[in-house]
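Examining the three-dimensional arrangement
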Amino acid sequence: MAKDVVEILKEIGKVGLNADGSYTRNAYSKEFFQAVDVIKGFMQELGMKITTDAAGNVLGVLPGNKPELKHIIMGSHLDTVEKGGLYDGAYGVTGALAALFALKEKNIKLNHTVEVYGFNGEEDALGGTFGSRAVTGLIAADNKLLNEGIQTYGHTVEEILACKRDLKNAKCYLELHIEQGERLDEKKINIGVVSGIVGIVRYKVVAHGTSNHAGSTQMFRRKDALVGMSKLIVKGNELCKKIDPDMVFTVGTITCAPGAKNVIPGRVECCFEMRQLEKAKTDALIAAIKAAAPEIPDCDFTFEPEMYAPGVLCNPKIMETLQTVAKTNSLSYVVMPSGAGHDAESMGHHIPIGMIFVPSKDGFSHCKEEWTSDKDLQNGVKVMSGALELLDKEA
Ligand SMILES: [Zn+2]
């Protein structure tokens, strides 16, 4: 019997459901493994060979007609954030299985062997994209977070490092995901063909002013670091929009010293975060912010690079295939970057990747309001199964 994505998601929806309608399936939790069991049931129905690993991942392998061909991999994650939604992650796993059920119903047996992953720990625990990084060998042995965290889940670092697989037999990785933003929903576009997963650049920015008495220091004599930092943040915000509407700029942390109600702030530290596909764009933004800093009166600024996670581009040929399938199915589409990280990123460091987005109602995600219509879910699966057919014609 053919299994529709809505039907499969409904089964996952019985696991980790909170009283308020949100879902909690943390990494390695009882609820996470219940979701794995549900997925295993559907994998069995498809005739897949099922394995699990110490990183908590479940993998189903469906042998193709030609075992000598490289494997096509699909997947996403089965964990959620605390009080998250039904669709983030689970849609990618259930959608991949639904695409295989759709082919099975049409009596299409692919030449390529197909694999479907249900990854563990894509959300923040254990550094994020934990399961897919374990599989792709992107977890370093000296990873502090891993060393501290993994024992609490009953595993050793060695066991996690041993989850690394050889990707030489992999042709590509495809992932279905809800958009988690409002672009598609707002413009009523069916499909987002993802161009890549944006890189993240973070700078530690410090405003240096002078602390002094909040009562006796006249306004014109002040060197208030918080006022200066505020001006620089507003400037960064304006510059970001001007340089590239696809880039995002966020200041989410601030420390103000000495931090007393009756003292003018003398030192303010913030993290400036920028995300864009191209490093050149974030470089241009930070350069423009630095150039604007001396114009802000009464304080000096220092900038220190803190973190850089390079973005990953989707494969242009796979993107073309996805667009072709969308057109064939009379679905509207747009090429767009992903501002959020995904398991595809881990895979993208090794093999060609493609990602398909479907609309998120009002852009909500990581909350109980997260919702995608049945029709949109099915559209994504249509594009996935169509892409499998086309990619299967290649070597
Ligand atoms: Zn996700």
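Conventions we followed
- Residues numbered from 1 in each chain as written.
- Predicted model: local features only at pLDDT ≥ 70, side-chain atom pairs only at ≥ 80, totals over all residues.
- Heavy atoms only, no water.
- Pairing = 2+ DSSP bridges.
- Helix = DSSP H or I, 4+ residues; strand = E, 2+ residues; numbered from the N terminus.
- Axes fitted to C-alpha atoms, helices over the stretch in contact; angles between N-to-C directions.
- Contact = heavy atoms within 4.5 Å.
- Donors = N, O, S within 2.8 Å, 3.2 Å for Na, K, Ca; no water.
- Buried < 20%, exposed > 50% of the residue type's maximum accessible area, 1.4 Å probe, protein only.
- Parallel < 35°, antiparallel > 145°, perpendicular 65-115°, else oblique.
- Left-handed = near helix turned anticlockwise from the far one by under 90°.
- Nonpolar A, V, L, I, M, F, W, Y, C, P; charged D, E, K, R; others polar.
- Domains from an automatic or database assignment.
- Buried area = accessible area lost by both parts, 1.4 Å probe.
- Salt bridge = Lys/Arg side-chain N within 4 Å of Asp/Glu carboxyl O.
- Polar contact = N/O pair within 3.5 Å; in protein donor to acceptor, adjacent residues only side chain to side chain.

For the rest of this paragraph, the subject is the sheet that holds strand β7 (residues 199-208). Consider a sheet: its strands pair through backbone hydrogen bonds, and that pairing is either parallel or antiparallel. Here four strands make up an open sheet; going across it, the order is β8-β9-β7-β10 and the pairing antiparallel. A strand with exactly one partner marks an edge of an open sheet, and here the two such strands are β8 (248-257) and β10 (300-309). Sheet twist, expressed as the average angle between the axes of neighbouring strands with direction ignored, equals 20°. Two elements, β7 and β10, share nine bridges in a ladder whose sense is antiparallel. If you follow V205 over to β10, its bridge partner there is F303. Across the sheet, helix α8 (residues 225-243) touches β7, β8, β9 (267-276) and β10, and the angle it forms with β9 is around 10°. Packing of helix α9 (residues 279-292) onto the sheet brings it into contact with β7, β8, β9 and β10, and relative to β9 it is tilted by some 150°.

What follows is about the coordination of the zinc ion. Looking at the zinc ion, one finds its protein donor set to be H77 (NE2), D88 (OD) and H177 (NE2), positioned 2.0 to 2.2 Å from the metal centre. For the zinc ion, the single-chain donor residues occur in sequence as H-x10-D-x88-H. A residue pair is termed long-range when its members are at least 10 positions apart, and D88 in the loop between β3 (71-77) and α3 (90-105) and H177 in strand β5 (residues 170-178) qualify at 89 residues. For the pair shown, D88 and H177 are each scored as buried.

Contact geometry for helix α10 (residues 316-328) and helix α12 (residues 374-392): axes closest at 9 Å, N-to-C directions at 120°. On the basis of their axis angle, the class for α10 and α12 is oblique. Here α10 runs over α12; the crossing is right-handed. Between α10 and α12, the contacting residues are T321, L322, T324, V325 and A326 on the first element and K382, V383, G386, A387, L390 and L391 on the second. Broken down by class, the residue content of the contact of α10 with α12 amounts to seven nonpolar, three polar and one charged.

Let us look at the domain arrangement of the protein chain. Domain boundaries assigned for the protein chain yield domain 1 (5-198 + 311-392) and domain 2 (200-309). Computed over C-alpha atoms only, the centres of domain 1 and domain 2 are separated by 37 Å. At the junction of the two partners, domain 1 supplies 10 residues and domain 2 supplies six residues. Summed over both sides, the interface of domain 1 with domain 2 buries roughly 610 Å², with 56% coming from carbon and sulfur. A salt bridge links D246 to R183; the shortest N-O distance between them is 3.2 Å. Between the two partners, domain 1 and domain 2, sit two residue pairs in polar contact (both at pLDDT 80 or more). Among the secondary structure elements, those contributing two or more residues to the side of domain 1 that touches domain 2 are β6 (191-197) and β11 (312-313). Looking at the side of domain 1 that touches domain 2 residue by residue, the classes come out as five nonpolar, four polar and one charged.

In this fold, V114 is placed in strand β4 (residues 114-119). Judged by relative accessible area, V114 falls into the buried class, the value being 1%. Between the C-alpha atom of V114 and that of M48, which follows or precedes it by 66 residues, the distance is 9.1 Å. With near-sequence residues (within four places) excluded, V114 lies in contact with M48, G60, V61, L62, I72, M74 and L100.

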